[in-house]
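Each chain is listed here by its residues.
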Amino acid sequence: MFSILIVEDDPVIRQTIEYVLRREGFDTRATGDGQAALAQAAEFSPDLVLLDLMLPGLDGIHVAEQLRTMSSKVAIIMVTALDQKRDKVRGLDAGADDYITKPFSMEELLARIRANLRRAQEHVSDEEQPIRRGDLVISPKSFKATVAGEPVELRRKEFQLLLVLTRNDGCLCTRQMLAAEIWGQEHFASSRTIDVHIRRLRQMIETPSAFCYIHTIHGLGYRFEVSPK
C-alpha cells in the first residue's frame, strides 16, 4: 500500500482529497500546516506528498526544499491555484516532480498520483547492473549515482531522466518521449518542466565531472553522449 501525505490548508479540499484517496486504497495523512507536514513526513516517510503551494506560514516552496533534504525518493506533486509559469518553475526548482493547477478533477489527480508512483517503481529494477559512462556511475538498484567517485544527490525525477538518457546513449530523446517515459503520459509534463529537470541534472553531474554528458538538440530534445570538457 502506498502512503500519501496531503498538505492543503483548505479543510474542505483536504478532507475531500483524503476521502477519495482512502477509498482508492492509499494510506493517507493530512495537514494544513507546513511545519506539521515536515514533522509527519519525518514520522511516516510517505511515498508521495501532495503539496499546496499557498500555505500559511511556511509555504509550499520551503516545505518542498526541506522535504528534499529529508529524501530524494519521495514524489512531490505541487498544487497551485496560480496558472503562471514562474510559480510552476519555482515549485520544480524547489524539488517538486510534477504539478497540478486548481481547479482539478479527482480523476486527473488520481491519474497524476498513479503515474508518479508507477514510474518510480518501473524505473528502478532490482536486477540491473551499474551503468558506467565517463566518470559517471549509476546504480539503479540502490538509486545512487557517483561522479569521479563522489556521490551525487539526485531527485527522483532527475534520476529517472538520467536512466532514460543513458539507456538511449547517442540517440535523440525528444521532450515528448521523455515526458511519456518519466511522467507516464505526454501531457503530464510540459517542455518547461523537462527543461528545468535537465538543467539541474546537468549541474549535478557535469559540474564536478571532467566530461559533458547531456547535449541539447535545439528544437528537438536531448542526447546523452560522453565528451571531454
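What you see as residue numbers is a count from 1 along each chain, following the sequence as written. For a predicted model such as this one, the threshold for reporting local features is a pLDDT of at least 70, and the threshold for listing and counting side-chain atom pairs is 80 or more; totals across whole chains, interfaces and linings nevertheless cover every residue. Processing note: side-chain calculations cover all non-hydrogen atoms of the structure and skip hydrogens and water entirely.

Caption draft 1: The arrangement of the sheet that holds strand β5 (residues 98–101) in detail. Taking strand neighbours across the sheet as the criterion, the 5 strands line up as β2-β1-β3-β4-β5 in an open arrangement whose pairing is parallel. Of all strands in the sheet, those with a lone pairing partner are β2 (27–31) and β5, marking the two edges. Adjacent strand axes in the sheet meet at a mean angle of 20 degrees, parallel and antiparallel pairs treated alike. Relative to strand β3 (residues 48–52), strand β1 (residues 3–7) runs parallel, the two sharing 4 bridges. The residue of β3 that forms the bridge with Val7 is Leu51. Pairs of strands are assigned from DSSP output, requiring at least two bridges between the strands. Helix and strand definitions here come from DSSP, where helices need a minimum of 4 consecutive H or I residues and strands a minimum of 2 consecutive E residues; each element is numbered from the N-terminal end. Lines fitted to C-alpha atoms define the axes, with helix axes restricted to the stretch in contact, and inter-axis angles between N-to-C directions lie between 0 and 180 degrees.

Caption draft 2: Examining the pattern of salt bridges more closely. Each salt bridge in this description consists of a side-chain nitrogen of Lys or Arg and a carboxyl oxygen of Asp or Glu lying within 4 Å of one another. Scanning the entire structure with this criterion turns up 16 salt bridges. For Asp52, the salt bridge goes to Lys102, with nearest N and O atoms at 3.6 Å. Of this pair, Asp52 sits in strand β3 while Lys102 is found in the loop between β5 and α5 (106–122), placing the two residues 50 residues apart along the sequence. Residue classification places Lys102 among the partly exposed residues on the basis of a relative accessible area of 21%. Of the charged contacts, one joins Arg155 and Glu158 as a salt bridge, the two residues approaching to 3.8 Å between their closest N and O atoms. Of the residues examined, Glu158 reaches a relative accessible area of 1% and is grouped as buried. In this structure, a network of salt bridges that share partners links the residues Glu8, Asp52 and Lys102. Think of it in three bands: with a 1.4 Å probe and only protein chains considered, a residue is buried below 20% of the maximum accessible area for its type, exposed above 50%, and partly exposed in between.

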